[in-house]
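# Report on the structure
Read off the chains here:
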Amino acid sequence: KAGVTQTPRYLIKTRGQQVTLSCSPISGHRSVSWYQQTPGQGLQFLFEYFSETQRNKGNFPGRFSGRQFSNSRSEMNVSTLELGDSALYLCASSWGQDLTEAFFGQGTRLTVV
Amino acid sequence: DAKTTQPTSMDCAEGRAANLPCNHSTISGNEYVYWYRQIHSQGPQYIIHGLKNNETNEMASLIITEDRKSSTLILPHATLRDTAVYYCIVRVHKAAGNKLTFGGGTRVLVKP
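Predicted, not measured: the structure shown is a model, and the values here were computed from it.

For chain A, the count of helices and strands is zero helices and eleven strands. Counting helices and strands in the order they occur from the N terminus, chain A gives β-β-β-β-β-β-β-β-β-β-β. Taken along the three principal axes of its C-alpha coordinates, chain A extends 35 × 25 × 25 Å. Evaluated residue by residue, chain A yields a buried proportion of 50% over its 113 residues. Across chain A, contacts joining residues at least 24 apart in sequence account for 54% of those joining residues at least 6 apart. Side chains of chain A carry 11 positive and 7 negative charges; the gap between the two charge centres is 6 Å.

Let's shift gears to the pairing of strand β9 (residues 106-111) of chain B. All names here are of chain B. Along β9, the buried face is formed by Thr106, Val108 and Val110; none of Arg107, Leu109 and Lys111, which line the opposite face, is buried. Across five bridges, strand β1 (residues 9-13) lies against β9 in parallel orientation. Counted as the bridge partner of Ala13 is Lys111 from β9. For strand β8 (residues 84-92) and β9, the ladder comprises three bridges, and the chain directions are antiparallel. Looking across to β9, one finds that Val85 is bridged to Arg107.

All right, on to the pattern of salt bridges then. Residue and element names in this part refer to chain A. Applying the stated criterion across every chain, the model contains seven salt bridges over all chains. One salt bridge in this structure joins Arg73 and Glu75, with 3.3 Å as the shortest N-O distance. By relative accessible area, which is 25% here, Arg73 ends up partly exposed. One network of salt bridges, in which partners are shared, links Arg63, Glu82 and Asp85.

Residues Leu20, Val33, Trp35, Ile47, Leu73 and Tyr86 of chain B are the most contacted members of the largest nonpolar core, which totals 22 residues. For this core, the secondary structure elements donating two or more residues are β1, β2 (18-23), β3 (31-38), β4 (45-50), β6 (61-64), β7 (70-75), β8 and β9 of chain B. A total of four residues in this core trace back to one element, the largest contributor, which is β8 of chain B. With residues near it in sequence (within four places) discarded, Ile47 of chain B still touches Trp35, Tyr36, Arg37, Asn57, Met59, Ala60, Leu73 and Tyr86 of chain B. Ranked by size, the runner-up nonpolar core spans 21 residues in total, among them Val4, Val19, Trp34 and Cys91 of chain A.

A separate point is the interface of chain A and chain B. Listed per partner, the contact involves 21 residues of chain A and 20 residues of chain B. Regarding the contact of chain A and chain B, the summed buried area is about 1,800 Å², with carbon and sulfur atoms giving 52% of it. Across the contact surface, chain A and chain B share zero salt bridges. Seen at the junction of chain A and chain B, the total is three residue pairs in polar contact (both at pLDDT 80 or more). For the side of chain A that touches chain B, the secondary-structure elements that each account for two or more residues are β4 (31-38), β5 (42-50), β6 (53-57) and β9 (87-94) of chain A. If one sorts the elements of the side of chain A that touches chain B by residue count, β4 of chain A sits on top with four residues.

Residue and element names in this part refer to chain B. With respect to the helices, strands and loops of the structure, Leu73 is situated in strand β7. Its relative accessible area of 0% is what places Leu73 among the buried residues. In this structure Leu73 touches Ala18, Asn19, Leu20, Trp35, Ile47, Ile48, Ala60, Ser61 and Tyr86, once residues within four positions along its chain are discounted.

On to the sheet that holds β7 of chain B, then. Residues and elements named next belong to chain B. Taken in spatial order, the four strands make up an open sheet running β2-β7-β6-β5, and their pairing is antiparallel. Here the strands that pair on one side only, and so sit at the sheet edges, are β2 and β5 (55-56). Sheet topology places β5 next to β6; two bridges connect them, and they run antiparallel. Counted as the bridge partner of Glu55 is Leu62 from β6.

Here is what the cut-offs are and how they apply
- Residues numbered from 1 in each chain as written.
- Chains lettered and ligands numbered in written order.
- Predicted model: local features only at pLDDT ≥ 70, side-chain atom pairs only at ≥ 80, totals over all residues.
- Heavy atoms only, no water.
- Helix = DSSP H or I, 4+ residues; strand = E, 2+ residues; numbered from the N terminus.
- Buried < 20%, exposed > 50% of the residue type's maximum accessible area, 1.4 Å probe, protein only.
- Contact = heavy atoms within 4.5 Å.
- Lys, Arg positive; Asp, Glu negative; His and termini not counted.
- Charge placed at Lys NZ, Arg CZ, Asp CG, Glu CD.
- Pairing = 2+ DSSP bridges.
- Salt bridge = Lys/Arg side-chain N within 4 Å of Asp/Glu carboxyl O.
- Core = buried A, V, L, I, M, F, W, Y, C linked by side-chain atoms within 4.5 Å.
- Buried area = accessible area lost by both parts, 1.4 Å probe.
- Polar contact = N/O pair within 3.5 Å; in protein donor to acceptor, adjacent residues only side chain to side chain.

Here it is, written out as structure tokens:
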């Protein structure tokens, strides 16, 4: 069974640009969550999607958005990139609505220059 | 979700048991204790979770005190590959989302 796949693994963008990250969950999983990890703030929850609906949202500005498709794949978008957006972005998938365990991908390392 | 307190770091000898404490004194009756770990440059990995009974799986054991205000994750025979940051998370087990709130975790270094 394939794990959670995140693409791309590494990305370098310039301030002011926008970026789209992709996450393919484990087959059959309907919940996808996104997290940002930085040395200063640690792992922080961004948002969660379940059956194409955003169910939870963390405390991030509106520049951070996401969506989920009918096949459960998810994308997150960051517009007007800032240097502080440099981070490891992690995606996690879970089977249902009640968390038993979340399976994380390897993450996308975003560097904003 | 209840807040957790973990030591910042700890060392452990290879082959010995590693006992990782977690305090969650404000835990509610319907909140579960979850443990995840993150090996360097990888995504977090689920280890175990429990409500009030002790739990064991192929990776670790979870001991929860009777008053549920603290718990201990036990890695029975630590290996060098167990070097990681271990996160103790307390959350309600309900159909309100799969959000995980990570704290600072415990940085565990297994030494040969």
